[in-house]
Amino acid sequence: ISAGDGADGITGGNGNDSITTGAGADTVVLNATGTDTLLDFAAADEIDIDVINGAPEDGTNLVKAAAGSLDVEEAHVYTFTTTGAAATLTTDGTKVITDFTNDTQVAAYLGERFSDANLADGKMSTFVLTDSVSGESYIYLHEDDGVNGIVAADITLVGVVNDYTVLFADLA
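All figures in this text were calculated on a predicted structure; none of them were measured in a lab.

### A word on the overall build of the protein
Along the protein, the regular secondary structure elements total 2 helices and 12 strands. What you see in the protein, going N to C, is helices and strands ordered as β-β-β-β-β-α-β-β-β-α-β-β-β-β. The C-alpha atoms of the protein give a radius of gyration of 15 Å, which matches the 16 Å a tight globule of 172 residues would have. Projecting the C-alpha coordinates of the protein onto the three principal axes gives extents of approximately 45 × 35 × 25 Å. When each of the 172 residues of the protein is scored for burial, the buried share is 42%. Carbon and sulfur atoms provide 48% of the accessible area of the protein, an area that totals close to 7400 Å². Charge centroids of the protein, computed over 4 positive and 29 negative side chains, lie 15 Å from each other.

And the structure:
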């Protein structure tokens, strides 16, 4: 799917779509029924996650690893740039991500820093991890399954943004 030069609204289909944004300020709508790949994304563009997570109420751009855990909040967006190496999200962490498309690795990595114990069953939040090696940002829907702890079943990869660090300000 390719956008024109104006300000376009683009909604992917139910599968895995490749979406190229155009010269204008484009809005790309993600859904939870596939993994969309966004090409040529720029600061003027926007990613609409309302359909998968509700309108994001607040966001946290994490800038460095820290000790302890954070409680996952409903409709909250968490962004972080990482190599996926151990102790880069949590200072004493041991989990690694070697494949950002592997939900099991991502869930284990996030679970070292985040707790979903206070999130009600079926409630959602969003995680955006930017791989500092490849430059790609990975957007994950987190839907709590009612079991404490972030597990692979809670995580769905819904978007990959090539060569761009996605922050909270890029999401609507």
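Now, onward.
### Here we look at unusual backbone geometry
Notably, Ala 75 is not glycine yet its phi reads approximately 60°, a positive angle. Among the structural elements, Ala 75 can be located in the loop between β7 (70–71) and β8 (76–82). Residue classification places Ala 75 among the buried positions, given a relative accessible area of 5%. Even without being glycine, Asp 163 reaches a positive phi, approximately 55°. Of note, Asp 163 is situated in the segment after β12 (155–161).

### Digging into the sheet that holds strand β1 (residues 9–11)
Read from one edge of the open sheet, 3 strands run β1-β3-β5, paired in parallel fashion. Looking at strand neighbours, the two that pair on one side only are β1 and β5 (46–48), the edges of this open sheet. When strand polarity is set aside, the average angle formed by the axes of neighbouring strands in this sheet is 20°. Bridging between β1 and strand β3 (residues 27–29) involves 3 bridges; their strand directions are parallel. Among the inter-strand pairings, Ile 10 is bridged to a residue of β3, identified as Val 28.

### Observations concerning the packing of aromatic side chains
Scanning the model with the defined rule gives 5 aromatic pairs in all. Ring centres 5.2 Å apart and planes at 25° place the aromatic pair Tyr 78 and Phe 127 in the stacked group. In this pair, Tyr 78 sits in strand β8 while Phe 127 sits in strand β10 (residues 124–131), placing the two residues 49 residues apart along the sequence. Phe 127 matches Tyr 78 in its accessibility class, with the two residues each being buried. Their ring planes at 15° and their centres at 5.1 Å tell us that Phe 100 and Tyr 138 sit as a pair that is stacked.

### Some thoughts on the confidence of the model for the protein
Atomic detail in the predicted coordinates should be set aside for any region of low pLDDT. The predicted model of the protein has a mean per-residue pLDDT of 87, with 93% of residues at 70 or higher. Within the protein, helix α1 (residues 50–53) has the poorest average pLDDT of any element, 69, and helix α2 (residues 103–111) the best, 95.

### Points about the pattern of salt bridges
The tally for this structure, following the rule as stated, stands at 1 salt bridge. For Lys 123, the salt bridge goes to Glu 74, with nearest N and O atoms at 3.8 Å. With a gap of 49 residues between them, Lys 123 in the loop between β9 (114–115) and β10 and Glu 74 in the loop between β7 and β8 connect regions that are remote in the sequence.

### As for the nonpolar core
Counting residues in hydrophobic clusters, the biggest one holds 21 residues, and the most contacted among them are Leu 110, Phe 114, Phe 127, Leu 129, Tyr 140 and Ile 150. Listing elements by their share of this core, those giving two or more residues are β8, α2, β10, β11 (137–143) and β12. When residues of this core are assigned to their parent elements, the largest contribution, 4 residues, is made by α2. In terms of nonpolar packing, the next biggest core, distinct from the first, is built from 18 residues, Ala 3, Ile 19, Ile 139 and Tyr 164 among them.

Thresholds, definitions, all that
- Residues numbered from 1 in each chain as written.
- Predicted model: local features only at pLDDT ≥ 70, side-chain atom pairs only at ≥ 80, totals over all residues.
- Heavy atoms only, no water.
- Helix = DSSP H or I, 4+ residues; strand = E, 2+ residues; numbered from the N terminus.
- Rg over C-alpha atoms; globule rule 2.2 N^0.38 Å.
- Buried < 20%, exposed > 50% of the residue type's maximum accessible area, 1.4 Å probe, protein only.
- Areas by Shrake-Rupley, 256 points an atom, 1.4 Å probe, with all protein chains shown as cover.
- Lys, Arg positive; Asp, Glu negative; His and termini not counted.
- Charge placed at Lys NZ, Arg CZ, Asp CG, Glu CD.
- Pairing = 2+ DSSP bridges.
- Axes fitted to C-alpha atoms, helices over the stretch in contact; angles between N-to-C directions.
- Phe/Tyr/Trp six-rings, centres within 6.5 Å; stacked < 30°, edge-to-face > 60°.
- pLDDT = per-residue confidence, 0-100.
- Salt bridge = Lys/Arg side-chain N within 4 Å of Asp/Glu carboxyl O.
- Core = buried A, V, L, I, M, F, W, Y, C linked by side-chain atoms within 4.5 Å.

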